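# Structure at a glance
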Amino acid sequence: VSPRISPQDTTRYAALMAWSILQKHERALEAIAAALEEGAGLATCLEAAEAAEAGRDEAERAAADARAEALARETPQERAAREREEMAARGRS
């Protein structure tokens, strides 16, 4: 028997999911808001959101490529220093 989920818990969960989606797709939200301020219709708003997400994907790919290239060029000393910094950031010394 599963416990009953209160309406308040459902509302909290929905708010958390909405916030998470907005954080993940911030560029799309900004593009939609800008299009709405210009009086654009639904189709134009969706196109703006899709273009913003495509730009985000391209930027993420470019950043990943740049990081991979930087990692490939680092010296053993630079690698050790980077790994120490990453471990310290995760709380492991």
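Going by the structure above, here's the rest.
I will try to describe carefully the structure that is included in this document.

Parameters and conventions
Residues numbered from 1 in each chain as written. Predicted model: local features only at pLDDT ≥ 70, side-chain atom pairs only at ≥ 80, totals over all residues. Heavy atoms only, no water. Salt bridge = Lys/Arg side-chain N within 4 Å of Asp/Glu carboxyl O. Helix = DSSP H or I, 4+ residues; strand = E, 2+ residues; numbered from the N terminus. Buried < 20%, exposed > 50% of the residue type's maximum accessible area, 1.4 Å probe, protein only. Expected span 1.5 Å × (residues − 1). Contact = heavy atoms within 4.5 Å.

## What to know about the pattern of salt bridges
By the definition in use, this model includes nine salt bridges. Among the ionic pairs, Arg73 bridges to Glu69, the shortest N-O distance being 2.9 Å. Separated by four residues within a single helix, Arg73 and Glu69 lie in helix 3 (residues 42-73), roughly one turn from each other. Classification of Glu69 by relative accessible area gives partly exposed; the value is 47%. Within this structure, Glu53, Arg56, Asp57 and Glu60 form a network of salt bridges that share partners.

## Some points on helix 3
For helix 3, spanning 32 residues, the distance from its first C-alpha to its last is 47 Å, which sits close to the expected 46 Å at 1.5 Å a residue. Listed in full, the buried residues belonging to helix 3 are Cys45, Ala49, Ala52, Glu53 and Arg56. Looking at the buried positions of helix 3, the neighbouring elements they touch are helix 1 (7-24) and helix 2 (26-37).

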